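So the chains spell out like this:
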Amino acid sequence: MKQLEAELAARRADGLYRHRRTLESAQGVATVVDGHRVVSFCGNDYLGLAAHPALRSAATGAIEQYGVGSGASHLVNGHHRLHEECERRLAAFCGRDRALLFGSGYAANLSVASALLGRHDQLFEDRLNHASLIDGARLSRARVLRYRHNDPRHLADLLRRAGDARRRLVVTDGVFSMDGDVADLEQLAGLAARHDAWLQVDDAHGFGVLGERGAGLVEQAGMDQHQVPILVATLGKALGTAGAFVAGSEVLIETLVQHARPYVYSTASPPALAAATLAALELLESEAWRRQKLHDNITYLRKRAAALGIVLMPSTTAIQPLVIGDNEQAVRLADDLFACGYHVVAIRPPTVPAGSARLRITLSAAHESAQIDGLLETLARLLD
Ligand SMILES: *Cc1c(COP(=O)(O)O)cnc(C)c1O
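So, a few notes on the structure that sits alongside this text. (Residues numbered from 1 in each chain as written. Predicted model: local features only at pLDDT ≥ 70, side-chain atom pairs only at ≥ 80, totals over all residues. Heavy atoms only, no water.)

## Regarding the overall build of the protein chain
Here comes step 1: Secondary structure summary: the protein chain contains 15 helices and 13 strands in total.
Here comes step 2: Taken over the C-alpha trace, the protein chain has a radius of gyration of 21 Å; the compact-globule value for 384 residues is 21 Å, and the two agree within 12%.
Here comes step 3: Counting the 384 residues in the protein chain, one finds 54% classified as buried.
Here comes step 4: Long-range pairs, those at least 24 residues apart, make up 70% of the contacts in the protein chain with a sequence separation of at least 6.
Here comes step 5: Accessible surface for the protein chain amounts to roughly 17600 Å². Of this, 50% is attributable to carbon and sulfur atoms.
Here comes step 6: Averaging the coordinates of the 41 positive side-chain charges in the protein chain and doing the same for the 43 negative ones gives two points 4 Å apart. (Helix = DSSP H or I, 4+ residues; strand = E, 2+ residues; numbered from the N terminus. Rg over C-alpha atoms; globule rule 2.2 N^0.38 Å. Buried < 20%, exposed > 50% of the residue type's maximum accessible area, 1.4 Å probe, protein only. Contact = heavy atoms within 4.5 Å. Areas by Shrake-Rupley, 256 points an atom, 1.4 Å probe, with all protein chains shown as cover. Lys, Arg positive; Asp, Glu negative; His and termini not counted. Charge placed at Lys NZ, Arg CZ, Asp CG, Glu CD.)

## A short note on the sheet that holds strand β8 (residues 230-234)
Here comes step 1: One open sheet holds the seven strands; their spatial order is β3-β9-β8-β7-β6-β4-β5, and the pairing between them is mixed. Single-partner strands in this sheet number two, and they are β3 (98-102) and β5 (143-147). Going across the sheet, the axis of each strand differs from the next one's by a mean of 20°, ignoring polarity.
Here comes step 2: Sheet analysis places strand β4 (residues 122-126) next to β5, joined by five bridges and oriented parallel. Each bridged residue has a counterpart across the sheet, and for F124 the counterpart in β5 is L145. (Pairing = 2+ DSSP bridges. Axes fitted to C-alpha atoms, helices over the stretch in contact; angles between N-to-C directions.)

## Here's the deal with the site of the ligand
Here comes step 1: Near the ligand lie 14 residues; those nearest to it are G105, Y106, D202, H205 and K237.
Here comes step 2: Within the contact set of the ligand, an oxygen atom lies 3.0 Å away from a backbone nitrogen or oxygen of Y106.
Here comes step 3: In this structure, K237 approaches the ligand through a side-chain N or O atom, which is 2.7 Å from an oxygen atom.
Here comes step 4: Against a free-state accessible area of 380 Å², the protein chains account for coverage of 81% of the ligand.
Here comes step 5: The biggest single contributor to the shell around the ligand is helix α5 (residues 105-116), with three residues.
Here comes step 6: Taken together, the residues that form the shell around the ligand break down as two nonpolar, nine polar and three charged. (Near = heavy atom within 4 Å. Polar contact = N/O pair within 3.5 Å; in protein donor to acceptor, adjacent residues only side chain to side chain. Nonpolar A, V, L, I, M, F, W, Y, C, P; charged D, E, K, R; others polar.)

Quick look at the structure:
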């Protein structure tokens, strides 16, 4: 324990120590955190659904009827009719044969790589992929080759030179979680097809917000199940609930049911969560204005930031990072913003590359333009 204590002290000295703040209100835009009323610009509740009355009543209704816990894993007796219905609706919504629910996106990503690949296989992934994809690659024991961020030419090079493998998997975030930019799915799908590789897209931040119907980057890019055979999306972000799903062919889903250890050896999520997700899906379909409002907010924030001389990273999504560089400076800026009533989180290494600590500003359909003005004016003053 002495050693651990020294490691923690070193982490503190490097400006890398992480602190949790405590939310005391519902999730949303106007929140109470550590006893302070703050406007949140850091959550992933992009459509303002996490505390929506329709989701609350779907969940409480299901709890009244079925109780809280699922009681067992999906393969024992925890697989509920509501999970089944949710999987059917998600598959149809994404234009895939089948979908499989997971307790979290982290578990879904560990599952895919470890169930599909082994020591004789190759996994190609973007250097800025989410940590769960990096850990999945490790767990799979496949040979891992990482290509430069959003650089299909580098990927092509690696694919050409990688030599023989039993199987090949190309893995990418759809919307990159710390940068907000998007993968070039058309190029990646073309390369995967040419090199006999499967393509897995983790659309955690695109699902619900991108595409005509909100089915995500894959819908926006017009990629069918043949082009993107493995689609992963999470439910804890735009959908406002929790968990994740993998969507694809019958064979893919059955393989995961048989072999994905994080799936097989874990208790199913509460059925009431599936009920809430079904309610969220209905809102996605009936209230397209939420997506439109989010996109209007993105445009507004970028226009106002430019006018104030605040240089955001080039992103068209709800993730609008402001790179600061230095770890301590980024944390100080986040603390000062908090004191002024704005909750924005500083993201530091190893979540982002060294020297690129940043404020990760996120937007929601629930933000009003006056709140965006307030954040940017305060930020401009603090940066001065
Ligand atoms: C949030 C996120 C995950 C993890 O999903 P959880 O449901 O929070 O475990 C996976 N991939 C990406 C790209 C994410 O942003």
